[in-house]
Amino acid sequence: MTNTSLARSSSSVTTSTPNRIAAAEHIAAEYARNELYELHEMSLAPGTLECHQQDLRTFVAFLSEADLDPVPDAEALRTTPEAWRGIGFGLASAYRRWLLAMGYAQGTVSRKLSSVRVYAKLAASVDDTLAEKVSGVRMVGGHSGRLAANIDDKRRDEGTPTRMSNKRRAEEMRALSPAEIKRLKGVCDVTTPQGRRDAVLVALLLDHGLRIGEATGLVTAGTVRVGEDVHTVGLDLAAGTLRFYRQKVGICQTIKLSSDALVALRRYIDAGDCPPMGYILRGSRKGGRLTHAGMTTTAASARITELAKRAGLGHLSAHDLRHTWATAVSRLFPDRQAELQQAGGWSSPAMLKRYVAPLEIANESIAISL
């Protein structure tokens, strides 16, 4: 080997070594980042993790309305530092105002902001270029004490709700008649993307009695961790089934879809409204255009109320549709209450009884001459 070739070889080693070190550092940083996110997730109870996911979806709904471009999805905010780039103090403050205007209780506002701060902090801890921007997010918290009370007084004066809740006693729930069910399903304008989505939402709630959080959490395909196990969830149109996670009772279930639900889902998918991956029910803007974000429970509940008004049914909540389903199925199959309990995702017969409306004639099905 000549001196020239030796020098050339030495130069090559010298220049390639820093590149190898940089590559190794990059790989190590990726492992460290993934490990940090994984350890964080492992430290949370399943219910807490589900709550964080729902809170991040609410944040995504706000970002969509704020016209952030591009809008990250909740999964990206939960697992990817880059999703937080561009989100700072201004957006966090606007989000707090938005939550109050939407009618969330002060405690709920504080919790949703806390979830945002948790993942903003996590993102900054694995990407120090985000630290300055994200520090503004971490400054925004909920209101308390006299300030919170004054804000609620002002909201009440303006006619804005100060507490949102879907929980109602059985005697306060409303079970729709067959004619009313037909009117509610018929009011969805399936010539528009929003109407096609509405038809899916209504069919899932009325025909399957899903909780509103279960409906908005449905995905076309994905996985969910339950304890130590990972389950596949998603939609199988060929089999006419839907597999999903019931956070309330901590189980995954597969249900057979009703004919109306299948028709609505096929129409929604064939029109290109449903994403191939991600949440089935997409959010929408005031003009009716669907967004890339998933639909929040608040938006879905408000949509049911709006559709009921259009159908001339007065005020109706998403919970009323679950009540309608439980009552109708219980009447049709009075001797199959154990199956109904399982199909509705209730943990006990007592919970099922709370959702079934009492008979107008107490002995209607057992009136006999002895």
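The following paragraphs examine the structure supplied in this document.

How each quantity is defined
- Residues numbered from 1 in each chain as written.
- Predicted model: local features only at pLDDT ≥ 70, side-chain atom pairs only at ≥ 80, totals over all residues.
- Heavy atoms only, no water.
- Helix = DSSP H or I, 4+ residues; strand = E, 2+ residues; numbered from the N terminus.
- Contact = heavy atoms within 4.5 Å.
- Areas by Shrake-Rupley, 256 points an atom, 1.4 Å probe, with all protein chains shown as cover.
- Axes fitted to C-alpha atoms, helices over the stretch in contact; angles between N-to-C directions.
- Parallel < 35°, antiparallel > 145°, perpendicular 65-115°, else oblique.
- Nonpolar A, V, L, I, M, F, W, Y, C, P; charged D, E, K, R; others polar.
- Pairing = 2+ DSSP bridges.
- Core = buried A, V, L, I, M, F, W, Y, C linked by side-chain atoms within 4.5 Å.
- Buried < 20%, exposed > 50% of the residue type's maximum accessible area, 1.4 Å probe, protein only.
- Salt bridge = Lys/Arg side-chain N within 4 Å of Asp/Glu carboxyl O.

Moving on, we come to the overall build of the chain. Counting its secondary structure elements, the chain contains 15 helices and 6 strands. Taking the contacts inside the chain whose residues are at least 6 apart along the sequence as the reference set, 62% of them involve residues at least 24 apart. Counting every atom, the chain has about 20000 Å² of accessible surface; 55% of that belongs to carbon and sulfur.

Each pair of packed helices can be described by the angle between their axes along with the distance between the axes. Relative to each other, helix H9 (residues 193-208) and helix H12 (residues 297-310) sit at 95°, their axes nearing to 11 Å. For the element pair H9 / H12, the angle class is roughly perpendicular. From H9, Gln194, Arg197, Asp198, Leu201, Val202 and Leu205 reach across to H12, where they touch Ala300, Arg303, Ile304 and Leu307. When the residues that make up the contact of H9 with H12 are grouped by side-chain class, the tally is 6 nonpolar, 1 polar and 3 charged.

Next up on the list: the sheet that holds strand E2 (residues 229-236). Spatial strand order, E1-E2-E3-E4: 4 strands in an open sheet with antiparallel pairing. Because the sheet does not close on itself, it has two edges, and the strands there are strand E1 (221-226) and strand E4 (251-256). Strand-to-strand twist in this sheet, taken as the mean axis angle between neighbours without regard to direction, amounts to 30°.

Membership of the largest hydrophobic core comes to 39 residues, with the highest contact counts inside it found for Leu184, Leu201, Leu205 and Leu242. When contributions to this core are tallied by element, the ones reaching two or more residues are H9, helix H10 (212-216), strand E3 (241-246), helix H11 (259-270), H12 and helix H13 (318-332). With 8 residues, H9 is the single largest residue contributor to this core. Residue contacts for Leu205: discarding those within four places in its chain leaves Leu210, Arg211, Ile212, Ala215, Ile304, Ala318, Leu321, Arg322 and Trp325. Leu49, Leu56, Ile87 and Tyr95 belong to the second largest nonpolar core, which has 36 residues in total.

What follows concerns the pattern of salt bridges. In the structure shown here, the tally under the stated rule is 18 salt bridges. Residue Arg78 pairs with Glu41 through a salt bridge whose shortest N-O separation is 2.6 Å. Here Glu41 lies in helix H1 (residues 3-42) and Arg78 lies in helix H3 (residues 74-79), a separation of 37 residues in the sequence. Residue classification places Arg78 among the buried positions, given a relative accessible area of 9%.

Limitation: the analysis is restricted to geometry and does not speak to function.
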